[in-house]
Amino acid sequence: MTDADFRDAFLRHKDIVYRFAFRMTGSSSTAEDVVQDCFVTYWRKPEAYDPGRGALRSFLLGVARNLVLKHWRRERS
């Protein structure tokens, strides 16, 4: 993945991932953290995304969901 590919993915999907995380958490700051962590995950491990299994948007929303669930588990402890 090139820098341009990542930048394009970020610009196309950041708002959707943010809205998804905000609806799940009700917190703008937590949603911003989720978006950041989601794209850092994608940047560090782009091979985790398999285009044969679905769209990039679906992959990113799945990562965001897992990050929110992890956040909730940490809060409960």
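Cut-offs used in this document
- Residues numbered from 1 in each chain as written.
- Predicted model: local features only at pLDDT ≥ 70, side-chain atom pairs only at ≥ 80, totals over all residues.
- Heavy atoms only, no water.
- Helix = DSSP H or I, 4+ residues; strand = E, 2+ residues; numbered from the N terminus.
- Rg over C-alpha atoms; globule rule 2.2 N^0.38 Å.
- Expected span 1.5 Å × (residues − 1).
- Buried < 20%, exposed > 50% of the residue type's maximum accessible area, 1.4 Å probe, protein only.
- Arc of directions from axis to C-beta.
- Contact = heavy atoms within 4.5 Å.
- Salt bridge = Lys/Arg side-chain N within 4 Å of Asp/Glu carboxyl O.
- Core = buried A, V, L, I, M, F, W, Y, C linked by side-chain atoms within 4.5 Å.
- Phe/Tyr/Trp six-rings, centres within 6.5 Å; stacked < 30°, edge-to-face > 60°.

**Notes on the overall build of the protein chain**
Then step 1. Summing up its helical and strand segments, the protein chain has 3 helices and 0 strands in all.
Then step 2. Starting at the N terminus and walking to the C terminus, you meet the elements of the protein chain as α-α-α.
Then step 3. Computed over its C-alpha atoms, the radius of gyration of the protein chain comes to 12 Å, within 12% of the 11 Å expected for a compact globule of 77 residues.
Then step 4. Its C-alpha atoms put the protein chain at 35 × 20 × 20 Å along the principal axes.

**Focus: helix H2 (residues 28-44)**
In an α-helix, one turn spans 3.6 residues; hence positions three or four apart end up facing the same way.
Then step 1. Its 17 residues give H2 an end-to-end C-alpha distance of 24 Å, which sits within 8% of 24 Å, the value for a rise of 1.5 Å per residue.
Then step 2. Of all the residues in H2, the buried ones are Thr30, Ala31, Val34, Val35, Cys38, Phe39 and Tyr42. Buried residues of H2 fall within an arc of 165° about the axis and therefore sit on the same side. Across H2 from its buried face, at more than 90 degrees, point the exposed residues Gln36 and Arg44.
Then step 3. Packing partners of the buried residues in H2 comprise helix H1 (3-25) and helix H3 (56-76).

**A few points about the pattern of salt bridges**
It is possible for side chains bearing opposite charge to pair when their charged atoms get close.
Then step 1. Summed over the entire model, instances satisfying the criterion amount to 2 salt bridges.
Then step 2. Residue arginine 12 pairs with aspartate 8 through a salt bridge whose shortest N-O separation is 3.2 Å. Remark: aspartate 8 and arginine 12 occur in helix H1; sequence separation between them is 4 residues, near one turn of the helix.

**Description of the nonpolar core**
Then step 1. Of all hydrophobic cores here, the largest spans 17 residues; its most connected members are Val17, Val34, Cys38, Phe39, Tyr42, Leu56 and Leu60.
Then step 2. When near neighbours in sequence (up to four residues on either side) are disregarded, cysteine 38 contacts Val17, Leu60, Val63, Ala64 and Leu67.

**Observations regarding the packing of aromatic side chains**
Then step 1. Within the structure shown, the criterion is met by 7 aromatic pairs.
Then step 2. Consider the rings of tyrosine 18 and phenylalanine 22, whose centres lie 6.1 Å apart with planes at 15°: the pair is stacked. Taken together, the residues tyrosine 18 and phenylalanine 22, both in helix H1 and 4 residues apart, mark about one turn of the helix.
Then step 3. The class of tyrosine 18 is partly exposed, set by a relative accessible area of 27%.
Then step 4. A relative accessible area of 35% places phenylalanine 22 in the partly exposed class.
Then step 5. In this structure an aromatic cluster arises from ring pairing among Phe6, Phe10, Phe39, Tyr42, Trp43, Tyr49 and Phe59.

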